[in-house]
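Letter by letter, the chains look like this.
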Amino acid sequence: MLRLADVLCRHGPDYLQRHAQVLLPSHARAVRAISTCRTAALGGHLAQCTQCSTSHVLYHSCRHRACPRCGHDAASRWLAHQQSLLLPVQYFHVVFTLPSELRRAVRTHQRALLGVLFRAAFESLAVLCADPRFVGGRIGALAVLHTWTRTLEWHPHVHMLVPAGALSPDARSWLRPKDRNKPFLVPVRALSERFRGRFLSLARRALPNERLAVPWSKRWVVFSKPAVQGAQRVLQYLGRYVHRTALTDKAILGCDERTVRVGYRDSADGRSRCMTLPAQEFLRRFLQHVPAKGLHRVRAFGLLHPSHRATLRQLQLRLAQGARAPAFDTDEHDGSPPTRPPLRCPRCHTPTLQPLRRLSSEECIALARAATAAPAQARAPPSPAPSPPSTAAVMS
């Protein structure tokens, strides 16, 4: 199967050379890390199967958060930790999206404006939830940043997982949203208008010399609906991209000297599509979603912030005793980190592979060269057989 690393090995050096003067250091590190992921250049471990006694070299991974082959263990640990913090209540899934007129400015000033996006989204929601007409207390939210569309275009938006309720001002009771005909947290239109005003105010304060103009009639899209399949299902969706990017190896359908073919699912009709991009354009689209060093894609606010962990634990106990969790939140998890599955032998496919010792990159490269040279010697033509003795020699 063709992998993203194969595309970067083929076209990455040319991309780095062409854009060396303007390329961000984080993008250059991503290209080099993914290109060498699970290769001899990063070293490895020597392992032996206790079943068939075969030795194998296991190459190390790059552990870069943009690599599609890494991040599985980190994402599993993150998911287990977040599941242990869930409250036994209904949750809402809220999405805040920026209009197209602001996307270029946000991409140019990511450190300043992505933080503004997080802050404006939560503050807008918190103010409305504090209104007694809706909830009337302090809320919490887990926010995850996404910056891509299914065609890898730049499209910054924030997903929020919000408990359906709030802590009362006196911190003594849990307040639930007002009873209505359908599950309802806050009015989406009012939330959209407040989010627009708060974002523009914070953005102009952060970048006073930047022109941030959006037509007044432009609609700021805010999406909000109950997580009817359970908060854990939303966490699983968000956890896919916490330690990885939007592109997987399965999406790479082909690559040649000039182009890269990428598969995706059309959001309009749900059908599978294929787009062919020039190699340089494909790398530009992919690398623009690699976050800069120190930029976090996940943030917790309000009651879900680590500084309020004691309050959250008290709420978990109180709500678990007072009411049964909804039917769609019944998946149990003890909060312990998941155990890593045993290593399987590539030859006999049994989970009996035991690591023996660590190998440096030089040792791995030497073993790889020896492995490629050994089959060549085995396929070498045999030495010519001695010619049979002549009839004269036998008779004499």
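Residues numbered from 1 in each chain as written. Predicted model: local features only at pLDDT ≥ 70, side-chain atom pairs only at ≥ 80, totals over all residues. Heavy atoms only, no water.

### Considerations on the pattern of salt bridges
Side chains that differ in sign of charge can pair as their charged atoms come close.
Working step 1: According to the stated counting rule, one finds 14 salt bridges in the structure shown.
Working step 2: With a shortest N-O distance of 3.8 Å, E193 and R189 are connected by a salt bridge. Taken together, the positions of E193 and R189, both in helix 6 (residues 188-206) and four residues apart, correspond to about one turn of that helix.
Working step 3: With a relative accessible area of 68%, R189 lands in the exposed category. (Salt bridge = Lys/Arg side-chain N within 4 Å of Asp/Glu carboxyl O. Helix = DSSP H or I, 4+ residues; strand = E, 2+ residues; numbered from the N terminus. Buried < 20%, exposed > 50% of the residue type's maximum accessible area, 1.4 Å probe, protein only.)

### Considerations on the nonpolar core
Working step 1: Grouped together as the largest cluster of nonpolar side chains are 45 residues, with contacts concentrated most on F96, L125, M160, F195 and F199.
Working step 2: Mapped onto this core, the elements with two or more residues apiece are strand 3 (91-97), helix 4 (103-108), helix 5 (110-129), strand 4 (140-148), strand 5 (154-163) and helix 6.
Working step 3: Element by element, the count of residues in this core is highest for helix 5, at eleven residues.
Working step 4: Contacts of F195, omitting those with residues within four sequence positions, involve F96, T97, L98, L117, A120, A121, S124, W220 and V222. (Core = buried A, V, L, I, M, F, W, Y, C linked by side-chain atoms within 4.5 Å. Contact = heavy atoms within 4.5 Å.)

### What to know about the pairing of strand 9 (residues 252-255)
Working step 1: As paired strands, strand 9 and strand 10 (residues 259-265) are joined by three bridges and run antiparallel to one another. Across the sheet, residue C255 finds its bridge partner in strand 10, namely V260.
Working step 2: The antiparallel hairpin formed by strand 9 and strand 10 contains three residues in its connecting segment. (Pairing = 2+ DSSP bridges.)

### Regarding the side chain of S84
Working step 1: Take S84: it is sitting in helix 3 (residues 72-84).
Working step 2: Among the polar contacts listed, one links the side chain of S84 to the backbone oxygen of H81, at a separation of 2.5 Å. (Polar contact = N/O pair within 3.5 Å; in protein donor to acceptor, adjacent residues only side chain to side chain.)

### A look at the sheet that holds strand 10
Working step 1: Taking strand neighbours across the sheet as the criterion, the three strands line up as 9-10-11 in an open arrangement whose pairing is antiparallel. Both edges of this open sheet fall to strand 9 and strand 11 (272-278), since each of them pairs with a single strand only. The mean angle between the axes of side-by-side strands here comes to 20°, regardless of whether they run parallel or antiparallel.
Working step 2: Across the sheet, helix 1 (residues 4-18) lies against strand 9 and strand 10, angled at about 25° from strand 9, the strand it touches most.
Working step 3: Each of strand 9, strand 10 and strand 11 is contacted by helix 8 (residues 279-287), which is oriented at about 110° to strand 11, the strand it contacts most. (Axes fitted to C-alpha atoms, helices over the stretch in contact; angles between N-to-C directions.)

### Topic: the confidence of the model for the protein chain
Working step 1: With 90% of its residues at a pLDDT of 70 or more, the protein chain has an overall mean of 87.
Working step 2: Note on residues 324-335: pLDDT is under 50 here. Beyond four places in sequence and across chains, it has 18 contacts.
Working step 3: Here residues 376-396 is a poorly scored stretch, pLDDT under 50, and it has one contact once near neighbours within four places are set aside; other chains count. (pLDDT = per-residue confidence, 0-100.)

### Things to note about the sheet that holds strand 12 (residues 298-302)
Paired through backbone hydrogen bonds, the strands of a sheet run either parallel or antiparallel to each other.
Working step 1: As summarised here, the arrangement of the five strands in space is 8-3-5-4-12, forming an open sheet in which the pairing is antiparallel. Every other strand in the sheet has two partners, leaving strand 8 (222-226) and strand 12 as the edge strands with one partner each. Adjacent strand axes in the sheet meet at a mean angle of 20°, parallel and antiparallel pairs treated alike.
Working step 2: Where strand 4 lies against strand 12, five bridges are found, and the strand directions are antiparallel. Considered in strand 12, the bridge of A143 is made with R299.
Working step 3: The sheet contacts of helix 6 involve strand 3 and strand 8, and relative to strand 8 the element is tilted by about 140°.
Working step 4: Packing of helix 7 (residues 231-239) onto the sheet brings it into contact with strand 3, strand 4 and strand 5, and relative to strand 5 it is tilted by some 155°.

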